[in-house]
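Working through the structure, step by step
Read off the chains here:
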Amino acid sequence: MDLDLRNFSLHLDENQRTVRRLSDMKGFYADQEAVAQILKESDPVIYEVYACESEEEGPGNLSYALTVINPGDVGGEYYMTKGHFHHKPSAELYLGLEGEGILLLQDREGNTRRIPLLPGRVSYVPANYAHRSINTGRSQLRFLAIYQSDSGHDYGTIEKEGFRERILVQKN
Ligand code: M6P
Ligand code: ZN
């Protein structure tokens with residue numbers, strides 16, 4: 001299903017904002033020399049998350065988050081989110097709003113799949129798949145994610161083992 005999002009506007013609440021800078025996710029990029037080089041000069045914002053945790057807590061409720069990933073790369077690897085599994089296996093829905101990117105999925109055996117993240121496109125993350133979003137465009141990538149409130153973010157597995165695929169800038 002695709003939605004027509006012409007003329008939509010977005011109002012973000014600063015109180016719900018989490019900022020992820022390069023220094024928060026150094027180990028997630030392959031080129032450690034490039035990371036060190038960039039950090040000598042600045043500490044760029046890679047992405048921001050505006051999370052709306054549900055007022056009703058506990059099983060059966062939904063939360064949602066708006067993520068904004070800046071355009072850019074670290075040593076040729078596009079700006080991306082950390083990526084996570086859910087502690088409690090549960091699916092998640094993504095709705096692309098602006099920009100272009102890739103939703104990278106990886107199951108527990110390490111099998112990966114790429115799904116386009118595009119304005120108006122609804123993308124599905126099955127339960128038990130780690131998911132990472134990558135901005136492959138020249139402008140900000142913005143998307144909404146909807147997930148079970150008690151799913152939990154397991155960052156440790158990805159931080160330790162990584163994704164098997166890296167999305168790199170194409171050299172012409
Ligand atoms: C999406 C959702 C959020 C997540 C965010 C950033 O909006 O999946 O739950 O927090 O992306 O991804 P990450 O938490 O992996 O940095
Ligand atoms: Zn998730």
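Below, the structure is looked at part by part. Remember, it's a predicted structure, so these values are computed and weren't measured experimentally.

Cut-offs and rules
Residues numbered from 1 in each chain as written. Chains lettered and ligands numbered in written order. Predicted model: local features only at pLDDT ≥ 70, side-chain atom pairs only at ≥ 80, totals over all residues. Heavy atoms only, no water. Near = heavy atom within 4 Å. Polar contact = N/O pair within 3.5 Å; in protein donor to acceptor, adjacent residues only side chain to side chain. Areas by Shrake-Rupley, 256 points an atom, 1.4 Å probe, with all protein chains shown as cover. Helix = DSSP H or I, 4+ residues; strand = E, 2+ residues; numbered from the N terminus. Nonpolar A, V, L, I, M, F, W, Y, C, P; charged D, E, K, R; others polar. Buried < 20%, exposed > 50% of the residue type's maximum accessible area, 1.4 Å probe, protein only.

**A closer look at the site of ligand 1**
- Looking at ligand 1, there are 15 residues lining it, with Tyr 47, Thr 67, Glu 92, His 153 and Tyr 155 nearest.
- Contact between ligand 1 and Glu 92: an oxygen atom at 2.5 Å from a side-chain N or O atom of the residue.
- A distance of 2.8 Å is found between an oxygen atom of ligand 1 and a side-chain nitrogen or oxygen belonging to His 153.
- If ligand 1 stood free it would expose 370 Å²; the protein chains cover 97% of that surface.
- At the level of secondary structure, the elements contributing two or more residues to the shell around ligand 1 comprise strand S2 (45-52), strand S3 (62-69), strand S7 (92-98) and strand S12 (141-148).
- In terms of residues, the shell around ligand 1 owes the most to one element, S12, which gives three residues.
- The class makeup of the residues in the shell around ligand 1 is eight nonpolar, five polar and two charged.

**A few points about unusual backbone geometry**
- Unusually for a residue other than glycine, Asn 128 sits at a positive phi of about 70°.
- With respect to the element layout, Asn 128 can be found in the loop between strand S10 (122-125) and strand S11 (130-135).
- Look at Asn 128 and you get partly exposed, because its relative accessible area is 36%.

Any functional reading would require information beyond the geometric quantities listed.
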